Amino acid sequence: MQKKMIALAVAGLASTGAFAQANVTVYGVADASFDIVKIAGDANNELGNTTRVSTNSSLLGFKGAESLGNGLTAVFQFESSVGFDNAGSLGATRDSYVGLAGSFGTVVLGTLTGPTRALGTALDVNAGATGIGANTALLGKLGNNLIGSTDTSGNYAGGTTCARNTTCASIFDNRWKNAIAYVSPSFGGLNATVAYVANENKSLHGLAAANTTGYDVGVKYANGPAMAAVTYNAVSVGNAADLKISDLRVGGSYNFGMASVRAVFDLARADNFGGNKVTQAVYGVGATFNVTPASKLLGQVYVARDLKTNGSSSDDTGAKLFELGVEHSLSKRTMLKATWAMVNNDSRARYDFGINASGINAPGTLPGGANATGGTVQGLSFGLRHTF
């Protein structure tokens, strides 16, 4: 339910609906798994195994709406990530906003999921688009050079590594801070979303170059069992090199009732990246099959092609993601799940799990203090997910 609300009100490419809620609603997800993770280097040399208990995108949120009359409604949401082993305080780290909704659509301001990220999560086969098999392992990362997000001041440093047990998604698959978005009404199943990221970090008075800003737009068609969408996210980092990055994403899904299929194409690009233009394409397909009314098989395969620098292929810079899993619902709110996933890197690549990274690309976390270029990371995950 909470995922549907996010997609509805925060540029998730869903049509604007009626808000009948009169009081504040507390909601959340408690999702934990026991993971067995194995990291191997070149030529399948084993670098180490580890076990852990992971908190898979668990969250706590508050949302509400107030009817203002004349068809106008005020809406708000505060949503925080929750780590079971994190002693830190809660904060508005997830989709958090205030806005107005009416016949014209919805306008919200805050920390927002843009249409590009929303499309990626919608096409992931996992409940909540989380866990070691999530498609954020490969989407939009451009050879692992565009990891992370802007900070609270709007700065983006351009991440290339991920520490253990952290989120390791691209800038296009993180939430935008300091953002404003408009979600149009639905016309025959078709609606649009436009988001703008403010340049809060712009340097003034001769300070070092900094002026990060961008936009994220998408059009989605959803009618019955069919969904299709296209999004485009462009960001000007505004540093001394005038780095500009973008991501084009096209995807769709079809639900047959007992089964569903989905597919996505993603093209990330960077201009003035070390003086070059660099691009990378990622393809993905996924499917689910209902074995019983309560049990579902799922699987997906994603392929990151080699990087292209000024149009020429950079060999052995791609990777593949494989996932097989099962979800069994004990009730409408409680689910058991088991997943096997593997990220298989080419000899010059260092991709990691998108959710709960293994640290395969973080210097100093593996034997000898080196990272595992060309390594493979795989895992078995057994978990329980409860929504409220």
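Along each chain, the written sequence defines residue order, and numbers are assigned to residues from 1. Only residues with pLDDT of 70 or above have their local features reported here, since the model is predicted, and side-chain atom pairs are shown and tallied only from 80 upward, although totals for entire chains, interfaces and linings are computed over all residues. Where side-chain values are given, they derive from all heavy atoms of the structure, hydrogens and water being excluded.

### Some details on the side chain of asparagine 135
Elements are defined by DSSP. Helices are runs of H or I of four residues or more, strands are runs of E of two residues or more, and each kind is numbered from the N terminus. By secondary structure assignment, the location of asparagine 135 is in the loop between helix 2 (115–122) and strand 7 (176–183). In the analysis that follows, any N or O atom pair within 3.5 Å is treated as a polar contact, provided that within protein one partner can donate a hydrogen and the other can accept it, and provided that, for residues neighboring in sequence, both atoms belong to side chains. Within the local environment of asparagine 135, its side chain forms a polar contact with the side chain of tyrosine 302, the two groups lying 3.1 Å apart. Excluding residues within four positions of it along the chain, asparagine 135 makes contact with Gly120, Leu123, Asp124, Gln300, Tyr302 and Leu321. Contacts were defined at the residue level, with two residues in contact if any of their heavy atoms lie within 4.5 Å.

### As for the packing of aromatic side chains
By convention, a stacked pair of Phe, Tyr or Trp rings (six-membered ring in the case of Trp) has centres within 6.5 Å and planes under 30 degrees apart, an edge-to-face pair has planes over 60 apart, and any other such pair is tilted. Applying the stated criterion across every chain yields a total of four aromatic pairs. Ring geometry for phenylalanine 76 and phenylalanine 78: centres 6.4 Å apart, planes at 55 degrees, overall tilted. The buried label applies to any residue whose accessible area, calculated with a 1.4 Å probe on protein chains only, is under 20% of its type's maximum; exposed applies above 50%, and partly exposed to all values in between. For phenylalanine 76, a relative accessible area of 25% puts it in the partly exposed group. Arranged with centres 5.3 Å apart and planes meeting at 50 degrees, the rings of phenylalanine 265 and tyrosine 283 form a pair that is tilted.

### Examining the state of the cysteines
Two cysteine sulfur atoms form a disulfide, by the criterion used here, when they sit within 2.5 Å. Summed over the entire model, instances satisfying the criterion amount to one disulfide. The disulfide that involves cysteine 162 links it to cysteine 168, with 2.0 Å between the sulfurs. Handedness of the cysteine 162-cysteine 168 disulfide follows from its S-S torsion of about 80 degrees: it is right-handed. Judged by relative accessible area, cysteine 162 falls into the buried class, the value being 4%.

### Notes on the pattern of salt bridges
Should a side-chain nitrogen of Lys or Arg be within 4 Å of a carboxyl oxygen of Asp or Glu, the pair is scored as a salt bridge. Considering all chains together, one arrives at 10 salt bridges under this definition. A salt bridge links arginine 175 to aspartate 95, with the shortest nitrogen-to-oxygen separation between them at 2.5 Å. In this pair, arginine 175 sits in the loop between helix 2 and strand 7 while aspartate 95 sits in the loop between strand 4 (72–81) and strand 5 (96–102), placing the two residues 80 residues apart along the sequence. An identical accessibility class is assigned to arginine 175 and aspartate 95; each is buried.

### Brief notes about empty space enclosed by the protein
Only protein atoms enter the calculation, which uses a 1 Å grid: trapped sets of points that fit a 1.4 Å probe without letting it out are cavities, open sets showing protein on both sides within 12 Å along at least five of seven lines are pockets, and any residue with an atom within 4 Å of a point is a lining residue. Grid points are joined across faces, edges and corners, and a volume is the space filled by probe spheres set on the points. A full pass over the atoms with the stated rule returns one cavity of 30 Å³ or more. If you add up the space inside the largest cavity, you get close to 120 Å³. Among the secondary structure elements, those contributing two or more residues to the lining of the largest cavity are strand 17 (319–329) and strand 18 (334–345).

### Examining the environment of alanine 101
Within the fold, alanine 101 resides in strand 5. Relative accessible area serves as the criterion here: at 3%, alanine 101 is assigned to the buried category.

### Digging into the side chain of threonine 339
Mapping threonine 339 onto the fold places it in strand 18. In contact with threonine 339, other than residues within four places in its own chain, are Asn126, Ile132, Glu323, Leu324, Gly325, Gly379, Leu380 and Ser381.

### Side note on the layout of surface pockets
Estimated volume of the second largest pocket: approximately 220 Å³. Lining of the second largest pocket is provided by 15 residues; of these, Ala281, Arg305, Asp306, Lys308 and Ser313 occupy positions nearest its centre. Taken together, the elements giving at least two residues each to the lining of the second largest pocket come down to strand 13 (276–290), strand 14 (295–304) and strand 17. Ranked by residues supplied to the lining of the second largest pocket, first place goes to strand 13 with four residues. Any residue that is not Ala, Val, Leu, Ile, Met, Phe, Trp, Tyr, Cys, Pro, Asp, Glu, Lys or Arg is counted as polar, Gly included; the first ten are nonpolar and the last four charged. Its residues assigned to classes, the lining of the second largest pocket comprises six nonpolar, four polar and five charged.

### Concerning the pairing of strand 7
Every regular strand shows the same layout, with side chains that alternate between the two sheet faces. Where strand 6 (residues 105–112) and strand 7 come together, six bridges link them in antiparallel fashion. Note that in strand 7 the partner of valine 108 across the bridge is alanine 181. Strand direction decides the pairing type here: strand 7 and strand 8 (residues 190–197), joined by five bridges, are antiparallel. Each bridged residue has a counterpart across the sheet, and for tyrosine 182 the counterpart in strand 8 is valine 194. Linking strand 7 to strand 8, which pair antiparallel, is a turn of six residues; within it glycine 188 sits at a positive phi near 60 degrees. At least two bridges found by DSSP between two strands are what make those strands a pair.

### Considerations on unusual backbone geometry
Of note, aspartate 316 is a non-glycine position whose phi angle comes to about 60 degrees, a positive value. Residue placement: aspartate 316 occurs in the loop between strand 16 (312–314) and strand 17. Among the residues examined, aspartate 316 registers a relative accessible area of 38% and is labelled partly exposed.

### A word on helix 2
For an α-helix the count is 3.6 residues per turn, leaving residues at separations of three or four pointing the same way. The buried count for helix 2 comes to seven of eight residues, which makes it a mostly enclosed element. Residues Pro115, Thr116, Arg117, Ala118, Leu119, Gly120 and Thr121 constitute the buried set of helix 2.

### Re the confidence of the model for the protein chain
Model confidence for the protein chain is summarised by a mean pLDDT of 89, while 89% of its residues fall at 70 or above. You can read pLDDT as the predictor saying how much it trusts each residue, on a scale of 0 to 100. Across residues 1–21 the pLDDT falls below 50, and counting only partners more than four positions away or on other chains, this stretch makes 70 contacts in the model.

### Examining the pairing of strand 14
Of the strand pairs in this sheet, strand 13 and strand 14 are connected by nine bridges, and their pairing is antiparallel. Note on strand 14: the bridge partner recorded for glycine 286 is glutamine 300. Two successive antiparallel strands, strand 13 and strand 14, enclose a turn made up of four residues. Two elements, strand 14 and strand 17, share 10 bridges in a ladder whose sense is antiparallel. When the bridges of strand 17 are listed, glycine 299 appears paired with leucine 324.

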